[in-house]
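Below, each chain spelled out in residue letters.
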Amino acid sequence: MASRYVVGIDLGTTHTVLALADTERTGAHVEVLGVEQLVGPGQVQPLPLLPSFLYLPGPHELAEGATKLPWSEPPYVVGQFARAQGARVPGRMVASAKSWLANPAVERTSPILPWGAPAEVERVSPVTASARYLEHLRHAWDRKFPNHPLGEQELVLTLPASFDEVARELTIRAAQEAGLPKFVLVEEPQAAFYDFLSRHERALEAALGGAKLILVVDVGGGTTDLTLIHAAFVDGRPKLTRIAVGDHLMLGGDNMDMLLARACEERLVGLHKLDATQWSMLVAAARDAKEKLLADDGPDKVTVAVVGRGSKLVGGTLKTELARDEVRQRIVEGFFPQVPRDAAPARAGRAAIQELGLPYAADAAISRHIVAFLRRHAGAVSEALNEPLVELPRPDAILLNGGVFNAKLLQTRLLEVVNAWFPGSPPVKLLKHDDLDLAVARGASWFGRVRRGEGVRIGGGSARAYFVGVEKDGKTQALCVVPRRQEEGVEVPLERTFALRLNEPVRFELFSSTGDAARAAGELLPLGDELEALPALQTVLGAPNGLQGQVPVRMVSRLSELGTLELFLVSDKGPGGSELRWKLEFQLRGAAAREGDTRVEPLPAKFEEGRELVERVYGKKPMPVSPRDVKDLFRNLERALGPREVWSTAVCRELWSALHAGMGRRRRSADHERVWCQLTGFTLRPGFGAPLDAWRAGETWKVFEPALQFHTETPNWTEWWVMWRRIAGGLDEAAHRVIYAQLAPHLRLPVPGAKPTKAKGVQPQGSEEMVRLAASLERLGAREKQELGEILLARLDAVRAAKASDAKPFAGASTLAWSIGRLGARKPFFGSAHTVVTPDVAEAWLERILALDAAQVETVPFAAMLLARATGDRARDLAPELRERVAKRLELAKSPEPWLHAVREGVQLEQAEEARVFGESLPAGLRLLG
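Scoring rules and cut-offs
Residues numbered from 1 in each chain as written. Predicted model: local features only at pLDDT ≥ 70, side-chain atom pairs only at ≥ 80, totals over all residues. Heavy atoms only, no water. Helix = DSSP H or I, 4+ residues; strand = E, 2+ residues; numbered from the N terminus. Rg over C-alpha atoms; globule rule 2.2 N^0.38 Å. Buried < 20%, exposed > 50% of the residue type's maximum accessible area, 1.4 Å probe, protein only. Contact = heavy atoms within 4.5 Å. Areas by Shrake-Rupley, 256 points an atom, 1.4 Å probe, with all protein chains shown as cover. Lys, Arg positive; Asp, Glu negative; His and termini not counted. Charge placed at Lys NZ, Arg CZ, Asp CG, Glu CD. Phe/Tyr/Trp six-rings, centres within 6.5 Å; stacked < 30°, edge-to-face > 60°. Polar contact = N/O pair within 3.5 Å; in protein donor to acceptor, adjacent residues only side chain to side chain. Pairing = 2+ DSSP bridges. Axes fitted to C-alpha atoms, helices over the stretch in contact; angles between N-to-C directions. Core = buried A, V, L, I, M, F, W, Y, C linked by side-chain atoms within 4.5 Å. Parallel < 35°, antiparallel > 145°, perpendicular 65-115°, else oblique. Left-handed = near helix turned anticlockwise from the far one by under 90°. Nonpolar A, V, L, I, M, F, W, Y, C, P; charged D, E, K, R; others polar. Expected span 1.5 Å × (residues − 1). Disulfide = S-S within 2.5 Å.

Participant: How do you make sense of the overall build of the chain when you look at a structure like this?
Facilitator: When its secondary structure is counted, the chain shows 30 helices and 29 strands. In summary, the chain has a C-alpha radius of gyration of 30 Å against a globular reference of 30 Å for 930 residues, a match within 12%. The principal-axis extents of the C-alpha atoms in the chain amount to approximately 90 × 75 × 60 Å. In the chain, buried positions account for 58% of the 930 residues. Considering only contacts in the chain between residues 6 or more positions apart, those separated by 24 or more positions represent 71%. Taken as a whole, the chain presents about 37700 Å² of accessible surface, with 50% of it coming from carbon and sulfur. Taking the average place of the 117 positive charges on the side chains of the chain and the average place of its 117 negative ones, the gap between the two points comes to 3 Å.

Participant: Could you clarify how one ought to interpret unusual backbone geometry in this entry?
Facilitator: Excluding glycine, residues mostly carry a negative phi; peptide bonds, for their part, are mostly trans. A cis amide bond links L113 with the next residue in sequence, P114, at an omega value of 5°. Mapped onto the secondary structure, P114 falls in the loop between helix 2 (97-101) and helix 3 (126-144). The linkage connecting R685 with the following residue, P686, adopts the cis geometry, with an omega of -5°. Looking at the element boundaries, P686 is found in the loop between helix 19 (670-684) and helix 20 (693-701). The phi dihedral of N386 falls on the positive side, at around 55°, and the residue is not glycine.

Participant: Explanation requested: the packing of aromatic side chains in the structure shown.
Facilitator: Both the distance between ring centres and the angle between the ring planes are used here to describe each pair of aromatic rings. In this structure the tally under the stated criterion is 22 aromatic pairs. Pairing W656 with W695 gives two aromatic rings, centres 6.0 Å apart and planes at 70°, and the pair type is edge-to-face. Taken together, the residues span a long stretch of sequence, with W656 in helix 18 (residues 649-661) and W695 in helix 20 at a distance of 39 residues. The buried category is assigned to W656, whose relative accessible area is 2%. The partly exposed category is assigned to W695, whose relative accessible area is 30%. Both rings, one in W701 and one in W724, keep their centres 5.4 Å apart while their planes meet at 80°; by these two values the pair is edge-to-face.

Participant: Even after reading the chapter, I still don't get the side chain of T16, so can you show me in this structure?
Facilitator: Here T16 shows up in strand 2 (residues 15-22). Under the relative-accessibility criterion, T16 is labelled buried at 0%. Within the local environment of T16, its side chain forms a polar contact with the side chain of S52, the two groups lying 2.8 Å apart. In contact with T16, not counting residues within four places along its chain, are I9, D10, L11, P48, L49, L50, S52, Y133 and L137.

Participant: What should I look at first to understand the sheet that holds strand 27 (residues 565-571) in this one?
Facilitator: The strands making up a sheet are joined through hydrogen bonds of the backbone, oriented either antiparallel or parallel. Strand order across the open sheet formed by four strands is 22-26-27-28, with antiparallel pairing between neighbours. The open sheet is flanked by strand 22 (491-501) and strand 28 (580-583), the only strands paired with a single partner. Here the average twist between neighbouring strands, direction ignored, is 30°. In this structure, strand 27 lies alongside strand 28, joined through four bridges in antiparallel fashion. Bridge pairing in strand 28 places S571 opposite L580.

Participant: What's the story with the nonpolar core in this structure? I'm lost.
Facilitator: Across soluble globular proteins, you tend to see nonpolar side chains buried next to one another. The biggest cluster of nonpolar side chains holds 115 residues, and the ones touching the most others in it are I9, V217 and W421. Once residues lying within four places of it in the same chain are set aside, the contact partners of W421 are V339, P340, R341, S367, I370, V371, L374 and L392. Membership of the second largest hydrophobic core comes to 99 residues, among which are A744, V799, A825 and V917.

Participant: Sorry, what's going on with the packing of helix 24 (residues 782-802) against helix 25 (residues 813-823) here?
Facilitator: A pair of packed helices is characterised by two quantities: the angle between their axes and the separation of those axes. The geometry of helix 24 relative to helix 25 is characterised by a closest axis approach of 10 Å and an angle of 160° between their N-to-C directions. By the angle between their axes, helix 24 is roughly antiparallel relative to helix 25. Here the hand of the crossing between helix 24 and helix 25 comes out left-handed. Side by side, helix 24 and helix 25 meet where K785, L788, G789, L792, L793, R795, L796 and V799 of the first sit next to A813, L816, S819, I820 and L823 of the second. Among the residues making up the contact of helix 24 with helix 25, the classes are represented as nine nonpolar, two polar and two charged.

Participant: Even after reading the chapter, I still don't get helix 19, so can you show me in this structure?
Facilitator: Each α-helix turn comprises 3.6 residues. Residues three or four places apart therefore point the same way. With 15 residues, helix 19 should cover 21 Å at 1.5 Å per step; its first-to-last C-alpha distance of 21 Å lies within 8% of that length. The element helix 19 is largely enclosed, with a buried count of 14 among its 15 residues.

Participant: Sorry if this is basic, but what is going on with the packing of helix 15 (residues 607-618) against helix 17 (residues 633-641) here?
Facilitator: Direction vectors running N to C along helix 15 and helix 17 enclose 165°, while the axes themselves pass 8 Å from each other. Taken together, helix 15 and helix 17 sit at an angle that is classed as roughly antiparallel. The chirality of how helix 15 crosses helix 17 is right-handed. Each of F607, E609, G610, L613, V614, V617 and Y618 in helix 15 lies in contact with helix 17, whose residues at this interface are L633, N636, L637, A640 and L641. Its residues placed into classes, the contact of helix 15 with helix 17 shows nine nonpolar, two polar and one charged.

Participant: Just checking my understanding: could you explain the state of the cysteines for this structure?
Facilitator: By definition, a disulfide is the covalent link that joins the sulfur atoms of two cysteine residues. All told, the structure shown has zero disulfides when counted by the stated rule. Distance from the sulfur of C652, which forms no disulfide, to the nearest cysteine sulfur (C677) is 17 Å. For C652, a relative accessible area of 0% gives the class buried.

Keep in mind these values describe shape, not function.
Structure below.
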């Protein structure tokens, strides 16, 4: 039974809006719901916009009843009061959660927000924050319509057209967590156009004024979305087709706020920088100032204030002013400059502004992105219009969306820029709109009506083509599984058979493309710049009735009704010839999400000889091998396969498979155990970077609890710790915590007179490798890393004291210095950025490291570089003056140029430096993501 209401929700970066159409009313007019929300402590008021801000109050900060809503009294605040309180109290407001959903550099399901907040502040994940906004809408709706719960209505949720499959999946998860199990998705630019349709459907041709090609420019708080729609009329009936969408651009109102905040910061503190919490407060103040000054009736000036460093809420406030003309000039020239028709977005240098921890677009000029978008899709325009190909297609009309364009100044400027690209042509028409803040939600509700068959639908199917990586002739190629413009709900079988083993994980690399090239399902093409890599798809093929071995499967693709990609592996080998179907799932966990672009490589001719060497030692049946053959296995493998340093990733992982098969036979002797640990760690290092590494690391983890059989052998303990250090990048947070719990009692210096505590079953042997392993536990939280760093600094002091009179290098000091640098690194090797220690902790460690004599402790310069490395994210970066001090020390030490660039500019380290962070060489050919 159809629901009474058709509801559209715009889950925006800055505002969340709910619109509805009552189908029992004639015409089903779309209206916006006033959402009850806190506007002050205990003050509830319905407003059309629910600001997408979450405030997490401190203990006793707000009076009892301050967060009370008509339906509950949560320990947090959402909406208008959250935004206002967050502007007053630094470090407790979550903003731009939607942008974080699209940030692959962090664990998006982990509690990481507010970014850069003080340690005592509760944190939530981007998914949880988004869920709380939607949950607030659900409660507000259910209070107003108790007989028609929101979860039972026909619900349409919007998201950027540029969101990739992962961000879409996380948006779906947020809605489900909010108690909204049933909904469909629509892209925001399309929703904005549906709002235009809702007001002009009966006279659409006249409203378009003959326009055939419409450019939708949607500049929201966090993203810029570009879409091209073709309009045609056949016998007076409109036919609308979406023919192109832009790539993901994290560029919008947030960037404008930061531009103004930087200008204010220069006046407030000169060459110095505000800390992360002050900066967040300043950005919030700049956002308010921008909105006031860009308004048509805005004031001439607005005061911007931020709490001074170390001061309390009252007193010590830093103040400056922003003038209307200055703000308009900075935003117009910074984001909508006049650019030539052959302009291209800048990609050189540090690729992202990271001021709030987010990877924003390298080029802030939206006008450059627009002209590049039009050039890129010239072919699609030519095909849709059935006209000759031109280098730069001219849109007949532009539809604007997003709160940024509430400023008519920016509307006018954008039209001037676009018209300048087409001299001598008629001016581009600006399509009228009623309210840019409400258009997407209203359009989403209208789209729900259209899905019922009550209006004109925009066709075009999928905006992207999707591909999976398959091996052919020793190379990875891209197999098209979903052609561009594929309609939803249609299954596409692929004419290709895969032979897969049951009860083992299978993994497919996934790519997408928004390019114009027409690709048919099943078509193969070489990998190239056209394709954008997405997190892998994988599953474990279990089967009923004890089915074993290898089965032939085919692949079937489908775009769900939600608009998300679904891929299935299908076999006819089920019981009685029935069909078996396995769904491939996105692999999102940290290490797996960081897998590089390692390609399938042919194995060397003598590889089977190497595999046989491993199987002779670790095979099911004891082979006639001497103790010397066991000890020399590594050396014998090098004779067969060449020096270990040149073993490719493919060779390493295949050798790991042979070792894994013989895992139980490692206990045949102490040498068997030691060599197995040595080879397993070496062939799986660094624990990520190749397909299925997360699974391999998980399989290896199974031997941790039994630990060593020959626990009195010091060499075995050394290789044991080395193995876990080498594969730490493939282990999850829980495994890192288990390892730390075992290491910590042995790393702490004994308290004089106290009985030392030791972890059961662990021998304190191979102490330097224990230290290096501890430093590699990047998935520990910041507090645990701080604790561990202090333990290692105490050990360093003890080593220095013991060797104070010795002119030789400190024994173990270099390892400790490297480990402290690794623990406090501003940019983790494989971990999430939200787990780094705070800048004040890193600065204190850095001072201790710089006090060492680099002539005696050779790792001092490298450790200092790791601690001082620039990221552009002020929640992680050290003070600029301290970084410059480190850079000059590195110059005096004649350190490599990349180290200096890393400290001063935050550039990506080269492969040699990346290996030094890891602690040894990486497999040949392995390319890790930056």
